[in-house]
Amino acid sequence: MLKPLKNRYNYESLQELALRIRAVYHTFQIDDFVNDIMDETWDELELKARMRQIAINLGRYLPTDYEQALGIIDKVIAGYPVGFNDYTLMYFPDFVEVHGQDECHWNLSIAALERYTPSSSSEFAVRPFIINHEERMMQQMAAWAGHDNEHVRRLASEGCRPQLPWGQALAGFKKDPSPVLGILEQLKADPSLYVRKSVANNLNDISKTHPDLVVKTARDWHGKNKHTDWIVKHGCRTLLKKGNRDVLSIFVFADADCVNVDGFALGAASVSIGEAMTFSFKIETKKATKIRLEYGIDYVKANGKRNRKIFQIAELYLKENGKKTYTKTHSFADASTRKHYPGTHSIALIVSGSERGRLDFDVLAAN
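Residues numbered from 1 in each chain as written. Predicted model: local features only at pLDDT ≥ 70, side-chain atom pairs only at ≥ 80, totals over all residues. Heavy atoms only, no water.

Enquirer: Please give an account of helix H8 (residues 134-144) that cites residues and values.
Expert: Within an α-helix, residues lying three or four positions from one another point in the same direction, as the helix has 3.6 residues per turn. Listed in full, the buried residues belonging to H8 are Met-137, Met-138, Met-141 and Trp-144. Seen along its axis, H8 keeps its buried residues to an arc of 105 degrees; they face one direction. In H8, the exposed positions angled more than 90 degrees off the buried face are occupied by Glu-135 and Gln-139. Against the buried residues of H8 lie helix H6 (106-120), helix H7 (127-132), helix H9 (150-158), helix H10 (171-175) and helix H11 (178-187). (Buried < 20%, exposed > 50% of the residue type's maximum accessible area, 1.4 Å probe, protein only. Helix = DSSP H or I, 4+ residues; strand = E, 2+ residues; numbered from the N terminus. Arc of directions from axis to C-beta. Contact = heavy atoms within 4.5 Å.)

This is the structure we're talking about:
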């Protein structure tokens, strides 16, 4: 199992940071800085709380003059190899968020967020600037969308995602995402996959609160550019998993009525946590058709309730009287993104958004 990202904020990494600062700011108090960060609350703190604790203590031990402090951070970042990018360095943008929101610091802070995002991403730090100064900041995001650096262009999209994971929600954009769509319009054919992934994720966020708006946007964008088509497909993934008929039609997935499902069966009636389950089925169609094939697992949660997660099997074209047999394996090993609990689960087979069979099985405690 992967170790939590928060564990990369540790004594060794903080010592390295402190030494890098001392190299350009010779009176920096290394031991006091590290000890104040790793106080009695440290072990209980999650990722963002640890990042914030570092940013607060940077403010305590760097010069009180904000511009001078930014100058030291600039020199520290310049000491990393060209092209270096590590999300753990997001305490530098967080320093800007914590210490640089006053109006007198606006220009310094916005320029710093732009400089820091290529090495550490300013996607979290930019959000309170949007909340407090939406119109002004979205004008800046529009300017960043035209930047020659892909990291800065990505910030224009990622920073205004209405529901950025682990980020402060942008309630105004959840209610009215039209300002966000203006940014995405600028980036919808971006040559960088890094940027396109962000645009797609932003569009997917919007689909959760404004599905009809995303359907309209998808129709307007689709079929004009291969990069845009990728964004539309990835950005509509939640709607596709929900079987939204309008979105399915954009990608020419046929009604599932012409597809027959046979022999849907499990390899065993139960599976232990840590092991894998197999299932199999056969599909056939009387007429040529394009279909999207998925399965859903209704997981038992810690509170005993169930929650469905959809997994894609394939998107395929079947010729007239075409047949295909599948045998699939699904793991029930715990991971950082999912913990399994004993109980009766279900697996459902889904053809172009329509459920075509469901089977129950038991998940048992680990042996």
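Enquirer: Now, about the pattern of salt bridges: what can you tell me, with residues and values included?
Expert: Evaluated as defined, the whole model comprises 22 salt bridges. Across the pair Glu-46 and Lys-6 runs a salt bridge whose closest N-O atoms are separated by 3.3 Å. In this pair, Glu-46 is assigned in the loop between helix H2 (30-37) and helix H3 (47-61) and Lys-6 in the segment before helix H1 (11-24), connecting sequence segments 40 residues apart. Take Lys-6: its relative accessible area is 15%, and that puts it in the buried class. Members of the salt-bridge network, linked through shared partners, are Glu-123, Arg-154, Glu-158, Arg-161 and Asp-205. (Salt bridge = Lys/Arg side-chain N within 4 Å of Asp/Glu carboxyl O.)

Enquirer: How would you summarise the sheet that holds strand E6 (residues 323-331) if you had to cite specific residues and measurements?
Expert: Spatial strand order, E1-E3-E6: 3 strands in an open sheet with antiparallel pairing. Both outer strands of the open sheet, strand E1 (259-266) and E6, are each paired with one neighbouring strand and no more. The average angle at which neighbouring strand axes cross in this sheet is 20 degrees, direction not considered. As paired elements, strand E3 (residues 276-285) and E6 share 9 bridges and run antiparallel to each other. Following the sheet pairing, Ile-283 is matched in E6 by Lys-324. (Pairing = 2+ DSSP bridges. Axes fitted to C-alpha atoms, helices over the stretch in contact; angles between N-to-C directions.)

Enquirer: Which residues make up the nonpolar core, and what values go with them?
Expert: Judged by nonpolar contacts, the single largest core of 78 residues is most densely connected at Phe-33, Ile-54, Leu-62, Phe-92 and Trp-144. Examining the composition of this core, we find that 7 residues originate from one element, helix H4 (residues 66-78), more than from any other. Excluding anything up to four places from it in sequence, Leu-62 contacts Ile-21, Tyr-25, Phe-28, Ala-69, Ile-72, Ile-73 and Phe-95. Ranked by size, the runner-up nonpolar core spans 27 residues in total, among them Val-271, Tyr-295, Ile-313 and Leu-349. (Core = buried A, V, L, I, M, F, W, Y, C linked by side-chain atoms within 4.5 Å.)

Enquirer: Any chance you could break down the packing of H9 against H11 for me, citing the residues and the numbers?
Expert: The N-to-C vectors of H9 and H11 enclose an angle of 150 degrees; their axes lie 9 Å apart at closest approach. The orientation of H9 with respect to H11, classified from their angle, is roughly antiparallel. Crossing hand, H9 versus H11: left-handed. On H11, the residues touching Arg-153, Ala-156 and Ser-157 of H9 are Ile-183, Leu-184 and Leu-187. Class assignment for the residues of the contact of H9 with H11 results in 4 nonpolar, 1 polar and 1 charged. (Parallel < 35°, antiparallel > 145°, perpendicular 65-115°, else oblique. Left-handed = near helix turned anticlockwise from the far one by under 90°. Nonpolar A, V, L, I, M, F, W, Y, C, P; charged D, E, K, R; others polar.)

Enquirer: Describe the sheet that holds strand E8 (residues 354-364), listing the residues and the values that go with them.
Expert: Spatially, E2-E8-E7-E4-E5 is the arrangement adopted by the 5 strands of the open sheet, whose pairing is mixed. The sheet is open, and its two borders are formed by strand E2 (270-272) and strand E5 (306-318), each paired with just one other strand. On average, each strand axis in the sheet is inclined to that of its neighbour by 25 degrees, with strand direction left out of account. Where strand E7 (residues 343-351) lies against E8, 8 bridges are found, and the strand directions are antiparallel. Bridged to Val-351 within E8 is Ser-354.

Enquirer: If you had to explain unusual backbone geometry to someone new, which residues and values would you point to?
Expert: Most peptide bonds adopt trans geometry, and most residues besides glycine take a negative phi value. For Ser-121, which is not glycine, the phi torsion reads 65 degrees and is therefore positive. For Ser-121, the location among the structural elements is in the loop between H6 and H7. Notably, Trp-166 is not glycine yet its phi reads approximately 65 degrees, a positive angle. Looking at the secondary structure, you find Trp-166 in the loop between H9 and H10.

Enquirer: How would you summarise H11 if you had to cite specific residues and measurements?
Expert: Turning to H11, its buried residues number three or more, namely Val-180, Leu-181, Ile-183, Leu-184 and Leu-187. When H11 is viewed along its axis, its buried side chains cluster within an angular range of 160 degrees and face the same direction. Buried-residue contacts for H11 involve H8, H9, H10, helix H12 (193-207), helix H13 (211-221) and helix H14 (226-235).

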